[in-house]
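Coordinate analysis (summary)
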Amino acid sequence: MRVHPSILSADFANLERELGRISTADAAHVDVMDGHFVPNLTLGIPIVRRLAEVSPIPLDVHLMIEDPDRWAPEYVFEGVESITFHHEAARDSVALAKTLRDAGVQAAVALKPATDTDALLDVIAEFDMVLVMTVEPGFGGQSFMPETLSKLGRLRAAAEAAGTQLRLQVDGGVDATTIVEAHAAGADTFVAGSAVYGGDPAERIAALRGAIA
């Protein structure tokens, strides 16, 4: 299992320090919001590039933006491990995933809570990871939506049928309790914001791993 703390819950005035505080995690989850696809506005290309330069762990960049077909490749930097775009925003999710893979990063596609998995099941091998949003994208601190977990089983079954290794990520309301539910449903990669930054990050990351172990 992988823990990806979300720096959306970090101190934005001290992001290099905040990245250092989660150095025991597997990757740092960086939420990019454009104020259009979602109502919030966060980081852009220059800041993400600089974060990639100073982070002790790889970046997992989550694009909550319009027109990812145009903008997602602009986030390919050294230090960025994966780029996630929203299926609802992309013109062609498969083509965009291929572009990202060809550029040297892992390609991931995200689904909002109301979006069904059907459009991805037959093309699941084109992605390295699928992110199932367990809250509505755009804001941190929301409550976990357990009704979204049924998607994980369908995606896992499709990946196994296709003979591909697929990471299944959940994002939203993940804590030491809900991480157990999500893991049981099939998730193996977990984004946690306030559950990590709400205390000592190293201790909180260890507690999340321990909850599953």
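Whatever comes next refers back to the structure up there.
Read on for an overview of the structure. (Residues numbered from 1 in each chain as written. Predicted model: local features only at pLDDT ≥ 70, side-chain atom pairs only at ≥ 80, totals over all residues. Heavy atoms only, no water.)

Topic: the pattern of salt bridges
- The tally for this structure, following the rule as stated, stands at eleven salt bridges.
- Taking the shortest distance from any N to any O, the salt bridge between Arg17 and Glu18 comes out at 3.3 Å.
- For Arg17, a relative accessible area of 46% translates into the label partly exposed.
- Its relative accessible area of 3% is what places Glu18 among the buried residues.
- The residue Asp26 makes a salt bridge to Arg209 at a minimum N-O spacing of 3.0 Å. Note that Asp26 is positioned in the loop between α1 (15–20) and β2 (28–33) and Arg209 in helix α9 (residues 201–212), a separation of 183 residues in sequence.
- In this structure, a network of salt bridges that share partners links the residues Asp11, Arg17, Glu18 and Arg21. (Salt bridge = Lys/Arg side-chain N within 4 Å of Asp/Glu carboxyl O. Buried < 20%, exposed > 50% of the residue type's maximum accessible area, 1.4 Å probe, protein only. Helix = DSSP H or I, 4+ residues; strand = E, 2+ residues; numbered from the N terminus.)

Structural notes on the nonpolar core
- Grouped together as the largest cluster of nonpolar side chains are 59 residues, with contacts concentrated most on Ile7, Ile22, Val48, Leu59, Val61, Ile83 and Val130.
- Beyond its immediate sequence surroundings of up to four residues, Ile83 is in contact with Val61, Leu63, Ala72, Tyr75, Val76, Leu100, Val105, Gln106, Ala107 and Ala108.
- Ranked by size, the runner-up nonpolar core spans five residues in total, among them Met33, Phe37, Val38 and Ala89. (Core = buried A, V, L, I, M, F, W, Y, C linked by side-chain atoms within 4.5 Å. Contact = heavy atoms within 4.5 Å.)

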